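Chain by chain, the residues:
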Amino acid sequence: MIDINELRRLAQAALIGPDGVSLNWLKLLQDFQKEANPAAITEILDRLERAEKERDKLKELNSALCTKS
């Protein structure tokens with residue numbers, strides 16, 4: 001199972017530092033690459049797909065409830 005918070009932290013740290021300057025980007029990129037492996041990306045995409053399907057179902061339910069009033 002992936003740690004989304006760690007993946008996000010690494011991605012954000014690799015992009016920009018607190019002073020607006022890229023930090024030790026090579027080290028951060030290597031760390032990010034270890035975390036963002038194909039299995040992790042596949043899991044993220046699976047989670048996204050499930051979330052989008054759930055969102056769509058909730059939208060349909062909400063629409064149906066609103067039209068019954």
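Residues numbered from 1 in each chain as written. Predicted model: local features only at pLDDT ≥ 70, side-chain atom pairs only at ≥ 80, totals over all residues. Heavy atoms only, no water.

1. Details of the overall build of the chain
Consideration 1: Counting its regular elements, the chain contains three helices and zero strands.
Consideration 2: Reading the chain from its N terminus to its C terminus gives the helix and strand order α-α-α.
Consideration 3: The buried share among the 69 residues of the chain stands at 13%.
Consideration 4: For the chain, the exposed area adds up to about 5,800 Å²; of that, 59% sits on carbon and sulfur atoms. (Helix = DSSP H or I, 4+ residues; strand = E, 2+ residues; numbered from the N terminus. Buried < 20%, exposed > 50% of the residue type's maximum accessible area, 1.4 Å probe, protein only. Areas by Shrake-Rupley, 256 points an atom, 1.4 Å probe, with all protein chains shown as cover.)

2. Some points on the environment of F32
Consideration 1: Here F32 shows up in helix 2 (residues 25-35).
Consideration 2: Excluding its chain neighbours within four sequence positions, the residues that come into contact with F32 are L7, L10 and A11. (Contact = heavy atoms within 4.5 Å.)

3. Side note on the pattern of salt bridges
Opposite charge on two side chains lets them pair, provided their charged atoms get close.
Consideration 1: For the coordinates displayed, the defined rule picks out five salt bridges.
Consideration 2: Of the charged contacts in the structure, one is a salt bridge between E49 and K53, with a shortest N-O distance of 3.8 Å. Of the two residues, E49 and K53 are both situated in helix 3 (residues 38-68); the distance of four residues between them amounts to about one turn of the helix. (Salt bridge = Lys/Arg side-chain N within 4 Å of Asp/Glu carboxyl O.)

4. Some remarks on the environment of L29
Consideration 1: Mapped onto the secondary structure, L29 falls in helix 2.
Consideration 2: Along the primary structure L29 and L10 are separated by 19 residues, whereas in three dimensions their C-alpha atoms are 7.9 Å apart.

5. Focus: the confidence of the model for the chain
Consideration 1: Mean pLDDT for the chain: 82, with 81% of residues reaching 70 or above.
Consideration 2: By mean pLDDT, helix 2 is the weakest element of the chain at 77, and helix 3 is the strongest at 92. (pLDDT = per-residue confidence, 0-100.)

6. Things to note about a nonpolar patch on the surface
Consideration 1: A surface patch of nonpolar side chains, about 260 Å² in accessible area, is lined by I41, L45 and L48.
Consideration 2: Turning to its location among the elements, L45 is positioned in helix 3. (Patch = residues over 30% accessible without salt bridge, like charges linked within 9 Å, V, L, I, M, F, W, Y side chains within 5 Å.)

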